[in-house]
Amino acid sequence: MSASAEHFPGVRTLRFEGPDPKDTLAFRHYDPDSSERVEGRTAREHLRFAACFWHTMRNGLGDPFGAPTALTPWDDGSESLDNAKRRVDAFFEFLTKCRIDFWCFHDRDIAPEGRTLAESERNLHAIVEHCAAHQRAGGAKLLWGTANLFSHPRYASGAATSPNARVFAHAAAQVKHALDATKALGGLGYVFWGGREGYTSLLNTDMPRERSHLARFLGMALDYAKAIDFRGRFYIEPKPKEPSTHQYDADAATCLNFLREFGLFGRVSFNIETNHATLAGHTMEHELTVAVAANSLGSIDANMGTPNLGWDTDQFPIDPSLCARVMLVVLGMGGFTTGGLNFDAKRRRESFEPIDLFHAHRAGMDAFARGLRAAAAIRADGTLAEFVRRHYRSWDDSLGRKIEAGEISLAECERLMRDEPSPTLESGRQEMLEDLILRFV
Ligand code: XLS
Ligand code: NI
Ligand code: NI
């Protein structure tokens, strides 16, 4: 690690100042140093915030209509290793000052791609050593690593699902290197997000064959992890579309079917992202609930979208009521183990100053601290859980129990019900419950 210059001069380590701060960069809700416990853990232990290298350091904030706007004084725009190291220095300074305990990366955003895989591996190795030095010096820990299998033109028709077997093999080699890097950095997880694992047109696509290749690819990665004794957890990150028209990992339920179909269930869990959930036509709570029901929620990519837009805007999650609904599910499963809340989020193109990185992450962290507190209060209050329990209480009577246990047939149901008056329902009280949640946020 170079004893480098400060890259964010004038920014002090963020502090907690409470509800009425003098400093706009102070935490109002998230107190990383508080020993106060919520359901057995401090806020810091629950929330396990991570920042991602790709948006924080490599997203120039360009869009399809305009040039990048982000100011990055530490970056000379070159593909040199020195520049890559300087970006890492800036990133770890940012993480420390922003009180973020974890980070995530793609192989190609931390280190430049070489002319051959061998050269790419050497580059990656050099940068991983540099990151490891920062970690050893007390810097953030690695939540998960991943390989970028979607940017290079060779992956235009997919990586694991490419029609070209040599592309598959190239991608497999790249994942081998990314797994070595993740292990070297003590990563707690490894993510598969398949932006190109799908199709743009079915006319040129053999879907069953591509899906089986995807399963083979995952299986090979799991085998390699075992061979090198990488103990991190594997996550699939579902997303229905963008950049491909259709992606095979469309949503949590689709992924569960895929894992079960190919005998991978239980060996791979999920990294669920808010904006991907909404792209899939679901809510984040829906996706989280599906994952938790299958005991498969690993980690979260915490962001949010603009509801009236149809793409992945990856905005910072600053809506405390969304955060409360997320944390209700997370607390319901007993909290994170290997996972955490990774801000897979970027600033708007108009927020281009380095200081905006701090404002954006700080806002997301405070929103989640509020969400955590609200979720814990909702659970302690108990009204919501009690309502649901009572709503289903007929299933605890003898008839309900017998149906659930499979001890009653269609004909028996008919015999029981034929002369009874039509059953009456109780109100679902949706508005009352929605309002109840808001009371705690
Ligand atoms: C893109 C994904 C990506 C993954 C990591 O939409 O969210 O950033 O999190 O490959
Ligand atoms: Ni993501
Ligand atoms: Ni995304």
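Residues numbered from 1 in each chain as written. Chains lettered and ligands numbered in written order. Predicted model: local features only at pLDDT ≥ 70, side-chain atom pairs only at ≥ 80, totals over all residues. Heavy atoms only, no water.

**Some remarks on the nonpolar core**
Ranked by internal contacts, the top residues of the largest apolar core, which has 109 residues, are L47, F94, W103, F234 and I300. Looking at this core element by element, the count peaks at 11 residues for helix α12 (residues 354–381). Excluding anything up to four places from it in sequence, F234 contacts L179, Y190, F192, A221, L222, A225, R267, V268 and S269. Membership of the second largest hydrophobic core comes to 11 residues, among which are C104, W144, V191 and Y235. (Core = buried A, V, L, I, M, F, W, Y, C linked by side-chain atoms within 4.5 Å. Buried < 20%, exposed > 50% of the residue type's maximum accessible area, 1.4 Å probe, protein only. Helix = DSSP H or I, 4+ residues; strand = E, 2+ residues; numbered from the N terminus. Contact = heavy atoms within 4.5 Å.)

**Quick look at the coordination of the nickel ion (ligand 2)**
On the protein side, the nickel ion (ligand 2) has E237 (OE), E273 (OE), D301 (OD) and D344 (OD) as donor atoms, found 2.0 to 2.1 Å from it. Around the nickel ion (ligand 2), the 6 donor atoms are arranged such that angles at the metal cover 78 to 174 degrees; this shape is classified as octahedral. Mapping the donors of the nickel ion (ligand 2) onto the primary sequence gives the spacing E-x35-E-x27-D-x42-D. Separating the nickel ion (ligand 2) from the nickel ion (ligand 3) is a gap of 3.7 Å, which E273 spans by donating to each of them. Of this pair, E237 sits in the loop between β6 (233–236) and β7 (246–247) while D344 sits in the loop between β10 (341–343) and α12; the two residues are 107 residues apart in sequence, bridging distant segments of the chain. This pair shows no difference in class: E237 is buried, exactly as D344 is. (Donors = N, O, S within 2.8 Å, 3.2 Å for Na, K, Ca; no water. Tetrahedral: all angles 85-135°; square planar, octahedral: opposite > 155°, others 65-115°.)

**Quick look at the site of ligand 1**
Every residue close to ligand 1 is listed here: W54, H106, W144, W193, E237, K239, E273, H276, D301, D312 and D344. Side-chain polar atom of W54 to an oxygen atom of ligand 1: 3.3 Å apart, as the coordinates give it. Taking D312, its side chain carries an N or O atom lying 3.0 Å from an oxygen atom of ligand 1. When the residues that make up the shell around ligand 1 are grouped by side-chain class, the tally is 3 nonpolar, 2 polar and 6 charged. (Near = heavy atom within 4 Å. Polar contact = N/O pair within 3.5 Å; in protein donor to acceptor, adjacent residues only side chain to side chain. Nonpolar A, V, L, I, M, F, W, Y, C, P; charged D, E, K, R; others polar.)

**Comments concerning the side chain of T205**
Residue placement: T205 occurs in the loop between β5 (198–199) and α7 (207–227). Beyond its immediate stretch of four places on either side in the chain, T205 contacts Y199, E210 and Y248.

**What about the packing of aromatic side chains?**
This model, assessed by the stated rule, comprises 23 aromatic pairs. Pairing F8 with F358 gives two aromatic rings, centres 5.2 Å apart and planes at 85 degrees, and the pair type is edge-to-face. Separated by 350 residues along the polypeptide, F8 in the segment before α1 (43–47) and F358 in helix α12 bring together distant segments of the chain. Of the residues examined, F358 reaches a relative accessible area of 0% and is grouped as buried. Seen in terms of ring centroids, F192 and F217 are 6.5 Å apart; in terms of plane orientation they differ by 80 degrees. Their pairing is edge-to-face. Taken together, the residues F192 in strand β4 (residues 189–192) and F217 in helix α7 connect sequence positions 25 residues apart. In this pair, the class of F192 matches that of F217, namely buried. What links up through ring pairs into an aromatic cluster is the set F168, Y190, F192, F217, F230 and F234. Between the NZ or CZ atom of R154 and the centre of the ring of Y155, over which it lies, the distance is 5.1 Å. (Phe/Tyr/Trp six-rings, centres within 6.5 Å; stacked < 30°, edge-to-face > 60°. Lys NZ or Arg CZ within 6 Å of the ring centre and 35° of its normal.)

**Some thoughts on the coordination of the nickel ion (ligand 3)**
Note on metal geometry: ideal angles are 109.5 degrees for four donors arranged tetrahedrally and 90 or 180 degrees for six donors arranged octahedrally. Only E273 (OE), H276 (NE2) and D312 (OD) from the protein reach the nickel ion (ligand 3) as donors, at distances of 2.1 to 2.5 Å. Read N to C, the donor residues that coordinate the nickel ion (ligand 3) are spaced as E-x2-H-x35-D. According to the relative accessible area criterion, D312 is buried, its value standing at 7%.

**What about helix α8 (residues 252–261)?**
Among the residues making up α8, those that are buried are A252, C255, L256, F258 and L259. Angular distribution of buried residues about the axis of α8 spans 160 degrees; they occupy a single face of the element. Those residues of α8 that are buried are in contact with α7, β6, β8 (269–273) and α10 (284–293). A positive backbone phi angle near 70 degrees is found at G263, which sits one or two residues after α8. (Arc of directions from axis to C-beta.)

**With respect to unusual backbone geometry**
Here the bond from E242 into P243 is cis, since omega is 15 degrees, no more than 30 degrees from zero. In this structure, P243 sits in the loop between β6 and β7. We note that L61 has phi near 70 degrees; this positive angle belongs to a residue other than glycine. With respect to the helices, strands and loops of the structure, L61 is situated in the loop between α2 (53–58) and α3 (81–97). Positive phi values are uncommon outside glycine, yet D229 reaches one of about 60 degrees.

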